[in-house]
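Each chain is listed here by its residues.
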Amino acid sequence: MASLKDVDPDLRDYLRQHKIPEVYEALLTGLVVTNPADPYEYIMKNIREFIVMRQETVHGLEALTWDSLIPEEYKPRTRQHTAVYLNSLFSFDEAYLMPWEWRPSPEQYQIAYQHYNKKLVDVTFGAWTSYYQYKLHKRAEMIRKMKLAAEHYDRRKQKVHFIYWLKWVRFTRSRLERAHDIIKGVCEVSLSRLVFEAWHNVMLDAKRTREYFERLERGELEGEDDLLSPRGEARDDVSLLPRKVAIKIFGFLDLADRGHCAQVCRSWKMMVSTPYLWSKVDLSAIKMKATNKLSCKLLHKCRPYLLHLNLRACVLLTKPAYLAVGQCRNLQDLNLSECSGINDDVMRDILEGCSILLYLNLSFTNISDATLRLLARSCRNLQYLSLAYCRKFSDKGLQYMASGRGCHKLIYLDLTGAAQITPVGYKNIASGCSKLEHLVVNNCPTLRDDCILMLTAKCRNIRSVSFLQSPNITDVAIRALAQHRKLQQIKIEGNSRITDNAFKCVGKMCSDIRHLYITDCPRITDSSLKSLAPCRNIRVLNMADCIRISDAGVRNLVEGPSGPKLREVNLTNCVRVTDVSVMKITQKCYNLVYGTFCFSEHITDAGAEMLGNMPILSSLDLTGCNITDTGLGALGNNLSLRDVTIAECLQITDLGVQKFAQQCRDLERFDMAHCTDVTDVAIKNLAFCCRRLTHLGIAGCYRLTDLSIRYLSGVCHNLISLDISGCTKIRDDSMRFLRKGCRGLKKLKILYCTGISKETYQRMCNKMPFVLWSDDPVPSTFGPGTEYLQLLAQAQMAATISTEQAQADTNSNETGAQKEKAQQPKPTIPDNV
């Protein structure tokens, strides 16, 4: 049906009267747009609504349009087509309308309205613009005049106020000048008085020290009561300090000293009883006195706020003490290293109570796979774990850790000495501890590249690795670790398979490398240092025993961007390093704090003189270097030095020590072992000038006599460690002065001292915790080499065995225990901790 022009006019009028085209158009549009599931039902429903609309509404179907059945969300914002296209279909064109039926369309009405409205807006806006421009000009003129008036008023007001201010300033300045003169005079008088008093005290002290030395040399001092001891007012300055400062001071003491301080007075007892001081308990300092009774009492009182507990090498503890540890619910840091009583049953009791552990050290214990299974179940927040030298766990235990709910947050793992682990175990670690950042696998000859490859397959955040004495690691493992570009610290020792290729990869991929510990790797050459030169953040460089390192490699590294940031350099036994390297280090590494150049034979006095000009160098080791008195005297120009070692510098004499000591008066550690030309004169100058000495090594200085010990005992009251091994002219009498003058001495080495008897050694053991003694003749191999270190280790082991035997005898003999208690009181714990 293309057109209805030939249809009966009555029919056409009927269609127009009942709005049949509009109904048809609305239904058709609604069907097209909404696409209903049942079109028939949709049409019938809308027709019924139209019938109701025609009968009930006032206008009927007059409001019906073609888009009445289209939902609002489907309608466009702007209507593109407004014509009714069905008019032509039903022959309702204007050509067939009567004249009285002609009327404008809505679009025409809209166009006409818009035209009229636009013209009206233009006329109104023009008039308003003219009025606004007039008012704007008038307002701007008024603002300009008001501004000029305000400026004129401000100038006059400022002039008046300035005159009054100038008079006041002149008057105040004259008063301040008079007051300044008065205060300056008072300050100068007070300062002069303080300076004179300090100078007077120093002169008196120097006079007393000089008189003491002179009497020593004349042999007038024979008893212990004649020792030179520090003098001062007997008052409690700690109690006068602010409470926070006093508590901070007590925080530096160990457990035994805190117990002793609690017995001094009530004020000290209250400060020692502060919970802050007992949130960290270290029983390793009194490991041979830490019994179950003492530990249980301490842990019972400290358990609400105990966070850090160190039980390292407390071999006397048994299950009751470990049960008390399990009751400390807030414990976060636990060190059970070298505790012989630790096994799987004990760990079950501990881990059931300490479920929020973050740090756990189980090195040198007898744990097995069962403990690792408990860790996987209980310790969900564990981040640091040490299993060093634990021989009884296997790959199965590591599988438990990987499959359990705990240990997934582990970031530090120490597997030193765990030679029983296979690549399967490392694969388990990688699958369960993918967040691992620090890995320590020292003394493990079974560690190979495939183990590291298994680990790096999933652990992509490793930042620090340590492979000391693991000789089977090659360049493949280092490249696998470096490919993730996050490596910051590398420690390798005793490896002949690592070559320069590994460090070329590290220098290329790991630009944030900070700590390099590459010792005893004979295949490392200057090419490695050249490859690491572009790295920007190297802080520590240790290339000890890498004998192929020379001046060229050191120059390439220190001239790179890491040169000014280097804090520690160790070039021990790098025999090709000369004064040229020292010159480059002093020029570029102006932030160097620790320097070690042991057995570098080509470092001479010129290098020592350059090192003496470094601004913040505090620790220096020149053992075995070609240094004379001239170099040592020039080294004293560095007033920041606190730790100096010049052992085996055979050309050092009393004159060099005197020049050095007179300048470095703040020296704390000094070692001149095996400087065979040193006599008592050097010790006299050293003791007189460096009174803050805490560690002194004079082993092998066979010219020293008892007079040196008396010098040290009379002045150096802060000594903590003293090594006089091989000083055969020192006798028993000097030990009496040492016990009386150096009460803080904790470590004494008197190996090969034939003039010191066993009775004196036993008396010294009662006064200090660590004493090594031997009356054997000085061996021909005595020196700082490997054989000397072995002999030292054997003597230390013998001393430990004798101490344990003495402790066992003490526990078995009640009378002996009471005597020991009277001589060495056990640390006490305040009742109100």
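Residue numbers here run from 1 along each chain, matching the order of that chain's written sequence. Reporting of local features is limited, given that this is a predicted model, to residues whose pLDDT is at least 70; pairs of side-chain atoms are given and counted only at 80 or more, and all residues count toward the totals for whole chains, interfaces and linings. As a rule here, side-chain values come from all non-hydrogen atoms in the structure, and water together with hydrogens is ignored.

*Asks:* Even after reading the chapter, I still don't get the overall build of the protein, so can you show me in this structure?
*Replies:* The numbering of helices and of strands both runs from the N terminus, where a helix is a DSSP run of H or I of at least 4 residues and a strand a run of E of at least 2. Scanning the protein from N- to C-terminus turns up 29 helices and 20 strands. The burial tally for the protein puts 42% of its 833 residues in the buried class. Two residues qualify as a contact provided that any one of their heavy atoms is within 4.5 Å of a heavy atom in the partner residue. Taking as baseline every contact in the protein between residues at least 6 positions apart, the subset at least 24 positions apart corresponds to 74%. When a residue's accessible area, from a 1.4 Å probe over protein chains only, is under 20% of the maximum for its type it is buried; when over 50% it is exposed; and in between it is partly exposed.

*Asks:* It is not clear to me how the pairing of strand β9 (residues 489-493) should be interpreted in this structure. Could you clarify?
*Replies:* Successive side chains on a regular strand alternate, one facing one side of the sheet and the next facing the other. The alternating pattern of β9 places I490 and I492 on a buried face, while none of Q489, K491 and E493, on the opposite face, is buried. We treat two strands as partners when DSSP finds at least two bridges between them. The pairing of β9 with strand β10 (residues 515-519) spans five bridges and is parallel. Bridge assignment links Q489 to a residue of β10, and that residue is H515. Here the term right-handed applies to a crossover when the path leading from its first strand over the helix to its second strand runs clockwise, the strands being oriented away from the viewer. Remark: the β9/helix α17 (residues 500-509)/β10 crossover connection has right-handed handedness.

*Asks:* What's the story with the side chain of T519 in this structure? I'm lost.
*Replies:* Looking at where T519 falls in the secondary structure, it is placed in strand β10. Excluding its chain neighbours within four sequence positions, the residues that come into contact with T519 are I492, E493, G494, N542, A544 and C546.

*Asks:* Before we go on, may I ask you to explain the pattern of salt bridges in this structure?
*Replies:* Two side chains with opposite charge may pair up if their charged atoms get near one another. Think of a salt bridge as a Lys or Arg side-chain nitrogen and an Asp or Glu carboxyl oxygen that are within 4 Å of each other. Scanning all chains against the criterion turns up 14 salt bridges. Between R463 and E437 there is a salt bridge whose closest N-O contact spans 3.9 Å. With R463 in the loop between α15 (449-456) and β8 (464-468) and E437 in the loop between α14 (423-432) and β7 (438-440), this residue pair connects regions lying 26 residues apart in the sequence. Since its relative accessible area comes to 23%, E437 is described here as partly exposed. A single salt-bridge network, built from bridges that share partners, covers D205, R208 and R691.

*Asks:* In this structure, what is going on with the packing of helix α16 (residues 475-482) against α17? I would like to understand it.
*Replies:* Here an angle of 0 to 180 degrees is reported between the N-to-C directions of two axes, which are lines fitted to C-alpha atoms, with helices fitted over the stretch in contact. As a packed pair, α16 and α17 sit with axes 8 Å apart at the nearest point and diverge in direction by 5°. As far as their axial angle goes, α17 and α16 are roughly parallel. Listed contacts from α17 to D475, I478, R479 and A482 of α16 are N501, A502, C505, V506 and M509. The nonpolar class holds Ala, Val, Leu, Ile, Met, Phe, Trp, Tyr, Cys and Pro. Asp, Glu, Lys and Arg form the charged class, and all remaining residues, Gly among them, are polar. Split into classes, the residues belonging to the contact of α16 with α17 amount to six nonpolar, one polar and two charged. The labels follow the angle: roughly parallel below 35 degrees, roughly antiparallel above 145, roughly perpendicular from 65 to 115, and oblique for the rest.

*Asks:* Can you help me understand the confidence of the model for the protein in this one?
*Replies:* A low pLDDT means the predicted coordinates there should not be read in detail. What pLDDT conveys is the predictor's confidence in a given residue, as a value from 0 to 100. Taken over all residues, the pLDDT of the protein has a mean of 84, while the share at 70 or more is 87%. With pLDDT under 50 throughout, residues 229-234 is counted as low confidence; its partners more than four residues away or in other chains account for four contacts. Per-residue pLDDT stays below 50 along residues 805-833; that stretch engages in 36 contacts with residues further than four places along the chain or on separate chains.

*Asks:* I'm lost on the packing of helix α25 (residues 706-715) against helix α26 (residues 732-741) in this one. Help?
*Replies:* Describing two packed helices takes the angle between their axes plus the distance from one axis to the other. Look at α25 against α26: their axes get within 9 Å of each other, and the N-to-C directions meet at 10°. The orientation of α25 with respect to α26, classified from their angle, is roughly parallel. Residues D706, I709, R710 and S713 of α25 form the contact with α26, whose participating residues are S734, F737, L738 and G741. Considered class by class, the residues forming the contact of α25 with α26 number three nonpolar, three polar and two charged.

*Asks:* I would appreciate a short explanation of the packing of aromatic side chains in the present structure.
*Replies:* When we look at a pair of aromatic rings, we describe it by the centre distance and by the angle of the planes. Only the six-membered ring of Trp is used, alongside the rings of Phe and Tyr, when aromatic pairs are assigned; centres must lie within 6.5 Å, and planes under 30 degrees apart are stacked while those over 60 apart are edge-to-face, with the rest tilted. Here the structure, examined in full by the defined rule, presents eleven aromatic pairs. For the ring pair F196 and W199, a centre distance of 5.7 Å and an interplane angle of 40° mean the geometry is tilted. One end of the pair is F196 and the other is W199, both in helix α5 (residues 106-218) and three residues apart, which spans about a single turn. On the basis of relative accessibility, which here comes to 51%, the residue F196 falls in the exposed class. Given the relative accessible area of 47%, W199 is considered partly exposed. Definition used: whenever NZ (Lys) or CZ (Arg) falls within 6 Å of the ring centre and also within 35 degrees of the ring normal, the charge is taken to sit over that ring. Geometry around W278 places R258 over its ring, the cationic atom sitting 5.8 Å from the centre. Note that R373 overlies the ring of Y400, its terminal NZ or CZ placed 4.6 Å from the centroid.

*Asks:* Can you walk me through the state of the cysteines in this structure?
*Replies:* Each disulfide is one covalent bond, formed between the sulfur atoms of two cysteines. Sulfur atoms of two cysteines make up a disulfide when they are within 2.5 Å. Tallying each qualifying case throughout the model produces zero disulfides. Residue C354 stays outside any disulfide, its sulfur separated by 6.2 Å from that of C328, the closest cysteine. Taking the relative accessible area as the measure of exposure, C354 reaches 0% and is therefore buried. Of all cysteine sulfurs in the structure, the one in C689 sits closest to C690, which takes part in no disulfide; the separation is 6.0 Å. Under the relative-accessibility criterion, C690 is labelled buried at 0%.

*Asks:* For this particular structure, what's the right way to read the nonpolar core?
*Replies:* One recurring pattern in soluble globular proteins: nonpolar side chains tend to sit buried together. Counting 179 residues, the largest nonpolar core has L311, I350, L415, F670, M672, I724 and L748 as the members making the most contacts within it. Counting residues per element, this core draws most heavily on helix α24 (residues 680-689), at five residues. With residues up to four places along the chain from it excluded, the contact list for L311 reads L283, L317, Y322, V325, N335, L336, S337 and C339. We define the nonpolar core as a collection of buried residues of types Ala, Val, Leu, Ile, Met, Phe, Trp, Tyr and Cys that are connected through side-chain atoms lying within 4.5 Å of one another. By size, the runner-up hydrophobic cluster in this structure holds eight residues, among which are L27, F50, L61 and L64.

*Asks:* Please explain a positive patch on the surface as it appears in this structure.
*Replies:* Surface patches are defined over residues having more than 30% relative accessible area and no salt bridge, joining like charges when they lie within 9 Å and nonpolar side chains (Val, Leu, Ile, Met, Phe, Trp, Tyr) when within 5 Å. A 1.4 Å probe and the Shrake-Rupley method give the accessible areas. Residues count as covered only by the protein chains that appear here. Think of it this way: Lys and Arg go in the positive column, Asp and Glu in the negative one, and His and the chain ends go nowhere. One atom stands in for each charge, and that atom is NZ of Lys, CZ of Arg, CG of Asp or CD of Glu. Positive charge collects at one region of the surface, where R373, R377, R380, K396 and R405 lie side by side. As for its placement among the helices and strands, R377 is situated in helix α12 (residues 369-378). Residue R377 is classed as partly exposed on the basis of its relative accessible area of 48%.

*Asks:* Quick question: what am I supposed to make of a nonpolar patch on the surface here?
*Replies:* Together, Y24, L28, V32, V33 and Y74 line one region of the surface with nonpolar side chains, adding up to about 500 Å² of accessible area. Structurally, the position occupied by Y24 is in helix α2 (residues 20-34).

*Asks:* Would you mind going over α12 with me for this structure?
*Replies:* Counting along an α-helix, one turn takes 3.6 residues, and residues three or four places apart therefore face a common direction. The set of residues buried in α12 consists of D369, T371, L372, L374, L375 and A376. Buried residues along α12 sit in contact with α11 (344-353), β4 (359-361), β5 (384-386) and α13 (395-403).

*Asks:* Can you walk me through the environment of N330 in this structure?
*Replies:* Its location among the elements puts N330 in the loop between α10 (319-326) and β3 (333-335). By relative accessible area, which is 33% here, N330 ends up partly exposed. Each C-alpha atom, one on N330 and one on I356, is 7.0 Å from the other, the two residues being 26 residues apart in sequence. Aside from chain neighbours lying at most four places away, what touches N330 is R303, P304, L306, L307 and I356. By the criterion applied in these results, polar contacts are pairs of N or O atoms within 3.5 Å in which, for protein atoms, one can donate a hydrogen and the other can accept it, and in which residues neighboring in sequence qualify only through two side-chain atoms. A distance of 2.8 Å separates a polar atom in the side chain of N330 from the backbone oxygen of P304.

*Asks:* I tried to follow the pairing of β10 on my own but got confused; where do I start?
*Replies:* Extensive coverage of β10 is indicated by the burial of four of its five residues. Pairing analysis gives three bridges linking β10 to strand β11 (residues 540-542), with the strands arranged parallel. Each bridged residue has a counterpart across the sheet, and for L516 the counterpart in β11 is L541. Handedness of the crossover joining β10 and β11 through helix α18 (residues 526-532) is recorded here as right-handed.

*Asks:* For this particular structure, what's the right way to read unusual backbone geometry?
*Replies:* Apart from glycine, the bulk of residues carry a negative phi angle, and the bulk of peptide bonds sit in the trans form. A positive phi is found at A313, a non-glycine position, where the angle reads about 60°. As for its placement among the helices and strands, A313 is situated in the loop between β2 (308-310) and α10.

*Asks:* I'm lost on α2 in this one. Help?
*Replies:* Spanning 15 residues, α2 covers 21 Å between terminal C-alpha atoms, matching the ideal 21 Å at 1.5 Å per step. At the exit of α2 stands N35, carrying a positive phi of roughly 50°. Take the residue count of a helix, subtract one, and multiply by 1.5 Å to get its expected span.

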